[in-house]
Amino acid sequence: MLCKSGKLPKSKSGAYFSLFIGVILMAFGILGALLDIVQSYNLVMLLGMITGIGAVFLGGGVLTLYRLRFAPAKLREEEINRKDERNIQVTRASYAVSNAAASIMLGAMAFVLVYLDYIVPALIAVGVLCVQMIVFLISYRVIVKKM
Amino acid sequence: MKNRLEELRKSRGIRQEELADALEVSRQTIGSLENGRYNPSIQLAFKIAKYFGMTIEDIFIYEGE
């Protein structure tokens, strides 16, 4: 299947990898903030975001290990639901709709930002829209070759 | 496309959960298949046919567009 859903690591090795990444990111974020490596407010905020992402990885890893240990049946059920072909089709259709909605909103946002005289954010919005189209074209070509 | 999935399942006294478990799909997928809301992939159609010991044509009835 081309579409593989599910974000949390399901295997033990995946869980340990998630734990490792989480610890690294959290250590980087927390130590960076505590040791005053950066001074500006926005960089401190960025370190906070990195810490947050690390916590997500760490939490996902811990949760998966817990479930592997105490609720393997539930985990198997989730695995079946994740691989279920109808669920995959539903997910693909939902992604397509949300992607189209995001594109329209980004386009509209660019106009609103120009109207509000926020030229740089407007250019970023247009840039993201262009990148999105490029990613679509590349993924289309790759998928066409696979099918 | 029509199918005889519900009829076959009930005639053999199998619950939706059991069939879903055997085919490694969700129970909702079995429900959707039985209601005719969802048409299976060729892979799943073969699995269903193999499970009941029949051919795909015996279970699924193609009625055109």
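Fair warning: this is a prediction, and the values are worked out from it, not measured in the lab.

### Comments concerning the overall build of chain B
So, point 1. Of regular secondary structure, chain B possesses five helices and two strands.
So, point 2. Listing every helix and strand of chain B by position from the N terminus yields β-α-α-α-α-α-β.
So, point 3. Going through the 65 residues of chain B one by one, you find that 42% of them count as buried.
So, point 4. If you take every contact in chain B between residues at least 6 apart in sequence, the share linking residues at least 24 apart comes to 53%.
So, point 5. Counting only carbon and sulfur atoms, one obtains 47% of the accessible surface of chain B, whose full area is about 4,000 Å².

### Quick look at a nonpolar patch on the surface
Residue and element names in this part refer to chain A.
So, point 1. The grouping of I30, L31, L34, L35 and I37 at the surface amounts to a nonpolar patch, some 530 Å² of accessible area in total.
So, point 2. Tracing the backbone through its elements, the reader meets L34 in helix α1 (residues 12–34).
So, point 3. With a relative accessible area of 63%, L34 lands in the exposed category.

### A few points about the packing of aromatic side chains
Two numbers describe a pair of aromatic rings. These are the distance of the centres and the angle of the planes.
Residue and element names in this part refer to chain A.
So, point 1. A complete count under the given rule lists three aromatic pairs over all chains for this structure.
So, point 2. The interplanar angle of 45° and the centroid separation of 4.9 Å between the aromatic rings of Y66 and F70 together place this pair among those described as tilted. Note that Y66 and F70 are positioned in helix α2 (residues 41–70) at a spacing of four residues, about one turn of the helix.
So, point 3. When its relative accessible area of 54% is taken as the criterion, F70 is described as exposed.
So, point 4. Over the ring of F70 we find R69; its NZ or CZ atom is 5.3 Å from the centre of that ring.

### Points about the layout of surface pockets
So, point 1. Here the second largest pocket is characterised by a volume of approximately 320 Å³.
So, point 2. For the second largest pocket, the lining is made up of 15 residues, of which K83 of chain A together with L23, E24, V25 and K47 of chain B are closest to its centre.
So, point 3. Top element by residues in the lining of the second largest pocket is helix α3 (residues 72–83) of chain A. It accounts for four residues.
So, point 4. Split into classes, the residues belonging to the lining of the second largest pocket amount to six nonpolar, two polar and seven charged.

### A word on the pattern of salt bridges
So, point 1. Evaluation of the coordinates by the stated rule reveals eleven salt bridges over all chains.
So, point 2. One salt bridge in this structure joins R67 of chain A and E78 of chain A, with 2.4 Å as the shortest N-O distance. Here R67 of chain A, found in helix α2, pairs with E78 of chain A, found in helix α3; they are eleven residues apart in sequence, far enough to count as distant.
So, point 3. On the basis of relative accessible area, R67 of chain A is assigned to the buried category, the value being 18%.
So, point 4. For E78 of chain A, a relative accessible area of 23% corresponds to the partly exposed category.
So, point 5. Note that E24 of chain B is salt-bridged to R76 of chain A, the shortest N-O span being 3.9 Å. Of this pair, E24 of chain B sits in the loop between α2 (16–23) and α3 (27–35) while R76 of chain A is found in helix α3, placing the two residues in two different chains.
So, point 6. Where salt bridges share partners, they join R76 of chain A together with D21 and E24 of chain B into one cluster.

### Let's talk about the confidence of the model for chain B
Residue and element names in this part refer to chain B.
So, point 1. Scored by pLDDT, chain B comes out at a mean of 92, with 98% of its residues at no less than 70.
So, point 2. Mean pLDDT across the elements of chain B bottoms out in strand β1 (residues 2–3) (90) and peaks in helix α4 (residues 42–52) (95).
So, point 3. For this predicted complex, the interface confidence score (ipTM) comes to 0.84, while the overall pTM stands at 0.70.

### Some points on the packing of helix α4 (residues 85–115) of chain A against helix α5 (residues 119–146) of chain A
Residue and element names in this part refer to chain A.
So, point 1. Interaxial distance between α4 and α5 falls to 8 Å at its minimum, and their mutual angle equals 155°. Classified by the angle their axes make, α4 and α5 are roughly antiparallel. Considering how the two elements wind past one another, α4 and α5 form a crossing that is left-handed. Between α4 and α5, the contacting residues are N99, S103, L106, G107, M109, A110, L113 and V114 on the first element and P121, A122, A125, V126, V128, L129 and Q132 on the second.
So, point 2. For the contact of α4 with α5, the per-class residue count stands at eleven nonpolar, four polar and no charged.

### Section: the side chain of T51 of chain A
So, point 1. Locating T51 of chain A in the fold gives a position in helix α2.
So, point 2. If we skip the residues at most four places from it in the chain, T51 of chain A touches L25, M26, G29 and I30 of chain A.

Rules of the game
- Residues numbered from 1 in each chain as written.
- Chains lettered and ligands numbered in written order.
- Predicted model: local features only at pLDDT ≥ 70, side-chain atom pairs only at ≥ 80, totals over all residues.
- Heavy atoms only, no water.
- Helix = DSSP H or I, 4+ residues; strand = E, 2+ residues; numbered from the N terminus.
- Buried < 20%, exposed > 50% of the residue type's maximum accessible area, 1.4 Å probe, protein only.
- Contact = heavy atoms within 4.5 Å.
- Areas by Shrake-Rupley, 256 points an atom, 1.4 Å probe, with all protein chains shown as cover.
- Patch = residues over 30% accessible without salt bridge, like charges linked within 9 Å, V, L, I, M, F, W, Y side chains within 5 Å.
- Salt bridge = Lys/Arg side-chain N within 4 Å of Asp/Glu carboxyl O.
- Phe/Tyr/Trp six-rings, centres within 6.5 Å; stacked < 30°, edge-to-face > 60°.
- Lys NZ or Arg CZ within 6 Å of the ring centre and 35° of its normal.
- 1 Å grid on protein atoms, 1.4 Å probe; cavity = no way out; pocket = protein on both sides within 12 Å on 5 of 7 lines; lining within 4 Å.
- Points joined across faces, edges and corners; volume = space filled by probe spheres on them.
- Nonpolar A, V, L, I, M, F, W, Y, C, P; charged D, E, K, R; others polar.
- pLDDT = per-residue confidence, 0-100.
- Axes fitted to C-alpha atoms, helices over the stretch in contact; angles between N-to-C directions.
- Parallel < 35°, antiparallel > 145°, perpendicular 65-115°, else oblique.
- Left-handed = near helix turned anticlockwise from the far one by under 90°.

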